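Given next are the chains, with one letter for each unit.
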Amino acid sequence: MIKDNLDSVKSSLPSGVKLVAVSKTKPLEDLLEAYDAGQKAFGENYPLELRDKHEALPKDIEWHFIGHIQSKQIKYYIDFVTLIHGVDSAAHLADIDRAAAKAGRVVDVLLEFHIATEETKSGFTMAEAEEMLAGLKDYPNVRVVGVMGMATNTPDTEQVRSEFRKLHSIFDTLKQRWFAADEAFKELSMGMSHDYAEAVAEGSTIVRVGSKIFGARNYQKIAENK
Ligand SMILES: *Cc1c(COP(=O)(O)O)cnc(C)c1O
């Protein structure tokens, strides 16, 4: 079933859009089934779960951290993570930079922006991001490769599209002002199971799809991880 779901999601994505299979709370067998079907990029939200899965699974998997950043837990994934999606403050960027320096790496990150109407979703404002970017050279162990955001959870697809469009325009502005000569700054991480079609239509380069591949999550497991 996972293989079929994966194939159907993949076949709906234009070439050039990367699929991160979001496997939080899911057992190793489920990840292996996706891996055996050719999926090599996985996204996780909980640092210890991410560390344990990385230890247990094949080493050519590319791991994406898509959860909330907590400074004390960066150490659990900094050695091997491919991309940290949700950097939402200058303080977290500084913490990642410090951990990456200690690990002897330069780690790719995305800046998270608040595009939804829900108040609970975190992220930079444009002013905060620009203030941070002005001092980016002080953080040589992070490389900012794009932006990430989550749309409002609503059936109103026009609203969802306009929020993704807003993230795209934030990306364009940052590209022009800060990264015009930087080819690495090219990623727009937007779109989940219920809205990745809208995100792709608005120019997403990375979609983060979980339940549509692995089925509904076990929320007991989420509570235990917190
Ligand atoms: C869990 C999660 C996803 C995947 O959600 P689905 O609705 O299961 O596709 C994507 N992005 C983030 C940041 C998440 O926390």
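Procedures and definitions
Residues numbered from 1 in each chain as written. Predicted model: local features only at pLDDT ≥ 70, side-chain atom pairs only at ≥ 80, totals over all residues. Heavy atoms only, no water. Helix = DSSP H or I, 4+ residues; strand = E, 2+ residues; numbered from the N terminus. Rg over C-alpha atoms; globule rule 2.2 N^0.38 Å. Buried < 20%, exposed > 50% of the residue type's maximum accessible area, 1.4 Å probe, protein only. Contact = heavy atoms within 4.5 Å. Areas by Shrake-Rupley, 256 points an atom, 1.4 Å probe, with all protein chains shown as cover. Lys, Arg positive; Asp, Glu negative; His and termini not counted. Charge placed at Lys NZ, Arg CZ, Asp CG, Glu CD. Expected span 1.5 Å × (residues − 1). Arc of directions from axis to C-beta. Polar contact = N/O pair within 3.5 Å; in protein donor to acceptor, adjacent residues only side chain to side chain. Near = heavy atom within 4 Å. Nonpolar A, V, L, I, M, F, W, Y, C, P; charged D, E, K, R; others polar. Salt bridge = Lys/Arg side-chain N within 4 Å of Asp/Glu carboxyl O.

### Topic: the overall build of the protein chain
Argument step 1. Each helix and strand counted, the protein chain has 9 helices and 8 strands in total.
Argument step 2. Computed over C-alpha atoms, the radius of gyration of the protein chain comes to 17 Å, within 12% of the 17 Å expected from 2.2 N^0.38 for 226 residues, which places it in the range of a compact globule.
Argument step 3. Principal-axis analysis of the C-alpha atoms gives the protein chain an extent of 45 × 45 × 30 Å.
Argument step 4. Within the protein chain, the fraction of its 226 residues that count as buried is 52%.
Argument step 5. Considering only intrachain contacts with a sequence separation of at least 6, the fraction spanning at least 24 residues in the protein chain is 59%.
Argument step 6. For the protein chain, the exposed area adds up to about 10,600 Å²; of that, 51% sits on carbon and sulfur atoms.
Argument step 7. Positive and negative side-chain charges in the protein chain, numbering 28 and 35 respectively, have mean positions lying 2 Å apart.

### With respect to helix H6 (residues 157–178)
Argument step 1. With 22 residues, H6 ought to run about 32 Å at 1.5 Å a step, and its terminal C-alpha atoms sit 31 Å apart, in line with that.
Argument step 2. Inspection of H6 places Val160, Glu163, Phe164, Leu167, Ile170, Phe171 and Leu174 among the buried residues, and these make up the whole buried set. With its buried residues spanning 105° around the axis, H6 presents them on a single face. Exposed side of H6, more than 90 degrees from the buried face: Gln176 and Arg177 are the residues found there.
Argument step 3. Taken together, the buried residues of H6 touch strand S5 (107–113), helix H5 (126–134), strand S6 (142–149), strand S7 (187–189) and helix H7 (196–201).
Argument step 4. Its side-chain oxygen at 3.1 Å from the backbone nitrogen of Glu158, Asp156 defines the N-terminal cap of H6.

### Quick look at the side chain of His54
Argument step 1. Here His54 lies in helix H3 (residues 47–56).
Argument step 2. Beyond its immediate sequence surroundings of up to four residues, His54 is in contact with Lys59, Trp63 and Phe80.

### Brief notes about the site of the ligand
Argument step 1. Close to the ligand lie 13 residues, the nearest being Lys24, Asn45, Ser193, Ser211 and Arg217.
Argument step 2. In this structure, Asn45 approaches the ligand through a side-chain N or O atom, which is 2.8 Å from an oxygen atom.
Argument step 3. Taking 380 Å² as the accessible area of the ligand by itself, protein coverage stands at 91%.
Argument step 4. Residues that form the shell around the ligand fall into these classes: 6 nonpolar, 4 polar and 3 charged.

### Section: the pattern of salt bridges
Argument step 1. Within the structure shown, the criterion is met by 12 salt bridges.
Argument step 2. With a closest N to O distance of 2.8 Å, Arg143 and Asp108 form a salt bridge. Remark: Asp108 occurs in strand S5 and Arg143 occurs in strand S6; sequence separation between them is 35 residues.
Argument step 3. One salt bridge connects Glu130 with Arg177, and the closest N-O pair in it is separated by 2.2 Å. One end of the pair, Glu130, is in helix H5; the other, Arg177, is in helix H6, and 47 residues separate them in sequence.

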